[in-house]
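# Coordinate analysis (summary)
For reference, the chains in residue letters:
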Amino acid sequence: MNFHVMTLFPDMINNAMGESITGRAIKAGYINVDAVDIRDFATNKHSRADDYPYGGGAGMVMQAEPVYLCYRHICNNIKKSQPVQDNIIHKTPGIRVIYLTPQGKAFTQELAAEYSKEDDLVFLCGHYEGIDERVTEEIVTDYISIGDYVLTGGELPALVMMDAISRLVPGVLNNCISAQTESFSGNLLEYPQYTRPAVWRGKEVPPVLLSGNHKKLAEWYREQSVIKTALLRPDLLEGAELTQPERELADEITGNRS
Ligand code: ADE
């Protein structure tokens, strides 16, 4: 997976992605991060990539040309894409360009799984009051939001997305089981986890975990997932495939006795 990030703050991207699991995945070659500074494509001598908004108003707007030149540079580096011509082109075929914006579609685990199948993803991080609409119209294929709140820029949302996508890329997590049993798979939250000591400040781990009985353990995991989802995210239960006893257990917890 190759992530290409158009940003005014490449250090933010490189520093965060260089840590922990994503850092290891980069070193091992499972993912690659190319953070490209939009300022390098500014056409004025002060390397400014923003200007005042037409029509007035507070804040600055990122200019179309540096963003477009940065996009062309990235597209020309992606081998499968056609060389980008000098004239304006509509959305290079086959390249998904994700613009992080609170106006976008909500990012979900399902979308993360879909994106993890791509070879290349391009992220466009806005700042200030936004980006000149003429260039986003030309190059953006996907408008994505990470939640109903407004951040100062698109870098943190891009990092959130890259993190969620990376862990679904084969090889990034060493045990593929964990990606299947984790929260949201089958619309259920993950069961609770415990580690040593077996008794912590008088609190014991559930005895089934020490029993070595795999069948019982699997049943317990499933039941705990249902309980946790009913307690914390009852909205997910509608889309979950539950057996009759599991549905009754969930209903008992949520108070839904229909
Ligand atoms: N840029 C600013 N706020 C954002 C959000 N909530 N999601 C995606 N991009 C953003």
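Everything numeric here is computed off the predicted structure, so don't read it as measured data. (Residues numbered from 1 in each chain as written. Predicted model: local features only at pLDDT ≥ 70, side-chain atom pairs only at ≥ 80, totals over all residues. Heavy atoms only, no water.)

### Re the site of the ligand
Using the following cut-off: Residues are counted as near a molecule or strand when any one of their heavy atoms sits within 4 Å of it. What qualifies as a polar contact is a pair of N or O atoms within 3.5 Å, subject to a donor-acceptor requirement within protein and to the restriction that residues adjacent in sequence count only when both atoms come from side chains. Note on areas: these come from Shrake-Rupley sampling with a 1.4 Å probe, and a residue is covered only by the protein chains present in the view. Think of a 1 Å grid over just the protein atoms. A cavity is a set of points where a 1.4 Å probe fits yet cannot get out, a pocket is an open set with protein on both sides within 12 Å along at least five of seven lines, and lining residues have an atom within 4 Å of a point. By definition, a pocket or cavity contains a molecule when more than half of the molecule's atoms lie within 2 Å of the pocket's grid points. Runs of E in the DSSP output that reach at least two residues are strands. Runs of H or I that reach at least four are helices, and both are numbered from the N terminus.
In the vicinity of the ligand, the contacting residues are L100, T101, P102, I144, S145, I146, G147, Y149, V150, L151, G153 and P157. Residue T101 places a main-chain N or O atom 3.1 Å away from a nitrogen atom belonging to the ligand. Contact distances for the ligand include 2.7 Å between a nitrogen atom and a backbone N or O atom of Y149. Here the ligand has 260 Å² of accessible area as a free molecule, and 96% of this is covered by the chains. If you map the ligand onto the pockets, it falls in the largest pocket. Those elements that place two or more of their residues in the shell around the ligand are β5 (96–106) and β7 (142–145). No other element matches the 3 residues that β5 contributes to the shell around the ligand.

### Digging into the pattern of salt bridges
The criterion, for reference: Any Lys or Arg side-chain nitrogen located within 4 Å of an Asp or Glu carboxyl oxygen qualifies as a salt bridge.
Under the definition given, this model contains 8 salt bridges. Between R96 and E118 there is a salt bridge whose closest N-O contact spans 3.4 Å. Linking R96 in strand β5 with E118 in the loop between α4 (109–115) and β6 (120–125), this pair joins segments that are 22 residues apart in sequence. A network of salt bridges, in which partner residues are shared, links R96, E114, E118 and D142.

### Some words on the nonpolar core
Inclusion rule: Residues belong to one nonpolar core when they are buried, are Ala, Val, Leu, Ile, Met, Phe, Trp, Tyr or Cys, and are joined through side-chain atoms within 4.5 Å. Type-normalised accessible area, obtained with a 1.4 Å probe on protein chains alone, sets the label of each residue: buried when under 20%, exposed when over 50%, and partly exposed for intermediate values. Any two residues whose heavy atoms approach within 4.5 Å are treated as being in contact.
Ranked by internal contacts, the top residues of the largest apolar core, which has 27 residues, are F3, F107, Y115, F123, M161, M162 and I165. Of all the secondary-structure elements, those providing two or more residues to this core are β1 (2–7), α1 (10–17), β2 (32–37), β5, α4, β6 and α6 (155–166). Here this core takes 6 residues from α6, the largest share from any one element. Ignoring anything within four residues of it in the chain, the contact list for I165 reads M1, F3, F107, A112, Y115, S116, L121 and F123. Within the second largest apolar cluster, 24 residues are counted, among which are A49, C75, I95 and V140.

### A closer look at the layout of surface pockets
Filter applied, for reference: Grid points are joined across faces, edges and corners, and a volume is the space filled by probe spheres set on the points. Gly is put with the polar residues, along with every residue not named as nonpolar or charged; the nonpolar set is Ala, Val, Leu, Ile, Met, Phe, Trp, Tyr, Cys and Pro, and the charged set is Asp, Glu, Lys and Arg.
By volume, the largest pocket is sized at about 550 Å³. The wall of the largest pocket is formed by 26 residues, among which Y99, L100, T101, P102 and G130 lie closest to the centre. For the lining of the largest pocket, the secondary-structure elements that each account for two or more residues are β5, α5 (133–139) and β7. Examining the composition of the lining of the largest pocket, we find that 6 residues originate from one element, β5, more than from any other. Class assignment for the residues of the lining of the largest pocket results in 12 nonpolar, 12 polar and 2 charged.

### Considerations on the packing of aromatic side chains
This is how it is decided: In this scheme Phe, Tyr and Trp rings, the latter by its six-membered ring, pair at centre separations within 6.5 Å, and the angle between planes marks the pair as stacked below 30 degrees, edge-to-face above 60, and tilted otherwise.
Counted according to the given criterion, the structure contains 5 aromatic pairs. Centroid distance F3 to F123: 6.0 Å. Interplanar angle 50°. Geometry classified as tilted. Residue F3 is found in strand β1, and its partner F123 is found in strand β6; the two are separated by 120 residues along the sequence. Accessibility classification places F3 together with F123 in one group, the buried group.

### A look at α1
For the record, the criterion: Directions are taken from the helix axis to each C-beta atom, and the arc is the one they span.
Regarding α1, the residues found buried are P10, I13 and M17. Viewed along the axis of α1, the buried residues span an arc of 70°, placing them on a single side of the element. Opposite the buried face of α1, by more than 90 degrees, sit the exposed residues D11 and N15. Residues of α1 that are buried in the fold lie against β1, α2 (20–27), β2 and α6.

### Description of the state of the cysteines
Note the following rule: Only a pair of cysteine sulfur atoms within 2.5 Å qualifies as a disulfide here.
Overall, the coordinates contain 0 disulfides when judged by the stated rule. Left without a disulfide partner, C70 is nearest to the cysteine sulfur of C75, which lies 9.7 Å away. Using a relative accessible area of 0% as the deciding quantity, one classes C70 as buried.

### Description of the pairing of β1
Working note: regular strand, side chains alternate between the two faces of the sheet. Keep this limit in mind: Pairing between strands is defined by DSSP: at least two bridges between the two strands are required.
Burial runs high along β1: 5 of the 6 residues are buried. As judged from the 5 bridges shared by β1 and β6, these two strands associate in the parallel manner. Bridging across to β6, F3 finds its partner in L121.

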